[in-house]
Amino acid sequence: MSEPDKYAVIGHPINHSKSPVIHKLFGEQTGENISYEAIDLPTEELHAGITRFIALGGRGLNVTVPHKQDVIELMDSMTLRAEVAGAVNTITKLEDGSLQGDNTDGIGLVTDLTANLGLDIENMRILVLGAGGAARGILASLAEIRPDELMCANRRLERALEIRDELADIGRISARSFEELTDEEAEVGVFDLVINATSAGLEGNVAPFPENIVTAETLCYDLSYSMRETPFVTWAKEHGCKQAVQGWGMLVEQAAESFYIWRDIRPDTTDVRAKLPT
Ligand code: ATR
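Along each chain, the written sequence defines residue order, and numbers are assigned to residues from 1. Given that the model is predicted, a residue must reach a pLDDT of at least 70 before its local features are reported, and side-chain atom pairs must reach 80 or more before they are shown or counted; all residues, however, enter totals for whole chains, interfaces and linings. Side-chain metrics rest on all non-hydrogen atoms present in the structure, leaving aside hydrogens and water.

**Student:** Would you mind going over the site of the ligand in detail, with residue names and values included?
**Tutor:** What makes a residue near a molecule or strand is one non-hydrogen atom of that residue sitting within 4 Å of it. Residues in close proximity to the ligand total 15 residues, the closest being Ala131, Asn154, Arg155, Arg156 and Arg159. One nitrogen or oxygen atom from the main chain of alanine 134 is found 2.9 Å from an oxygen atom belonging to the ligand. In protein, a polar contact means a hydrogen-donor-capable atom and an acceptor-capable atom, both N or O and within 3.5 Å, with residues adjacent in sequence counting only if both atoms are side-chain atoms; elsewhere, any N or O pair within 3.5 Å suffices. Contact between the ligand and serine 199: an oxygen atom at 3.0 Å from a main-chain N or O atom of the residue. Each accessible area value is a Shrake-Rupley result obtained with a 1.4 Å probe; residue values ignore everything except the protein chains displayed when judging cover. Protein contacts shield 76% of the accessible area of the ligand, which totals 650 Å² for the unbound molecule. Throughout this entry, Asp, Glu, Lys and Arg are counted as charged residues, while Ala, Val, Leu, Ile, Met, Phe, Trp, Tyr, Cys and Pro are counted as nonpolar. The remaining residues, Gly among them, count as polar. Broken down by class, the residue content of the shell around the ligand amounts to 6 nonpolar, 6 polar and 3 charged.

If you want it as structure tokens, here you go:
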């Protein structure tokens, strides 16, 4: 058999990444001859690391924390969705040798919510917690679907307002601070879906989210995932949500979308999702 086409995920730290396992399973399932490794790249080695990987025949890269924004300046071109998200999670070496940045996180989340969890997000009231890089990518994809309501709440209101204004051409987003959510006069009502896009859980803590955002009608979705229950999922269950899920499904779906960009074959994610925790 000929040499496999080389792919990898870059991040720092990277040792817990599940992407190599996921892409290996996709490769086996589709019969595509690929290799996929995890490369630990501290920020100061980012440029040299990417250049080296491509020079050695690399065809594509996934990008994870903390490099999703930093890699933008190294791209020769960007897809519209990566431009809008202001972050890159997929790099492709095009036929002319140039590097294109794309972002499959938003579509990965939407696919998990609709195809896997069976949600009718068009008819939902959705609250996204956080206004950093992770929130920006998914808000653009959710805004495109024009749900009944799409709200972005953040500790620092000005960042939520900034995203609201930047994405105004795509769809309507309302912005609140956490404090404003608890204000009775604000009458925020019941949310069908609350998505945690803050990085607070990464430190093992849950942010001081307002308790009134979760009711027995609310599905809570954490963009973070862990072999143990994430702090947000624990918090959501304690506050009586209908269901709380971690972002494993989004991880698999964004990977499938990257695989599709690179190989022009869409893997079936069912078996891979079944192998991961829920
Ligand atoms: P990422 O790329 O993971 O989104 P980021 O751009 O640094 O990282 O954004 C982190 C997000 O988590 C922000 O929304 C941040 O809130 P602020 O904009 O107010 O800083 C949020 N966040 C992080 N730690 C938090 C905490 N302890 N409480 C509340 N929000 C927190």
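**Student:** So what's going on with the environment of arginine 155? Which residues, and what values?
**Tutor:** Checked against the element boundaries, arginine 155 lands in the loop between strand S8 (149-154) and helix H6 (157-166). The classification of residues rests on relative accessible area computed with a 1.4 Å probe and restricted to protein chains. Under 20% of the type maximum is buried, over 50% is exposed, and intermediate values are partly exposed. Note on arginine 155: relative accessible area 70%, which makes it exposed. Between the alpha carbons of arginine 155 and arginine 176 there is a distance of 8.7 Å; along the sequence they are 21 residues apart. Between two residues, a contact is recorded if the distance between any of their heavy atoms is within 4.5 Å. When residues no more than four places from it in sequence are discounted, the contact partners of arginine 155 are Ser177 and Phe178. Helical segments are the DSSP runs of H or I of at least four residues, strand segments are the runs of E of at least two, and each set is numbered from the N terminus.

**Student:** How would you explain the sheet that holds strand S3 (residues 58-63) if you had to name every residue and give the values?
**Tutor:** Spatial ordering of the open sheet is given by S2-S1-S3-S5-S6-S4, a layout of 6 strands whose pairing is mixed. Looking at strand neighbours, the two that pair on one side only are strand S2 (34-40) and strand S4 (77-78), the edges of this open sheet. Two strands are said to pair when DSSP picks up at least two bridges between them. In terms of strand pairing, strand S1 (residues 5-11) meets S3 through 5 bridges, oriented parallel. When the sheet's bridge partners are listed, alanine 8 is paired in S3 with leucine 61. Strand contacts of helix H1 (residues 19-30): S1, S2 and S3, with the helix running at about 175° to S2, the strand carrying the most contacts. The axes are straight lines fitted to the C-alpha atoms, using for helices just the contacting stretch, and the angles between their N-to-C directions are given from 0 to 180°. Sitting on the sheet, helix H2 (residues 46-55) touches S1, S2, S3, strand S5 (90-93) and strand S6 (99-102), and the angle it makes with S3 is about 145°.

By themselves, these figures tell us nothing about what the structure is for.
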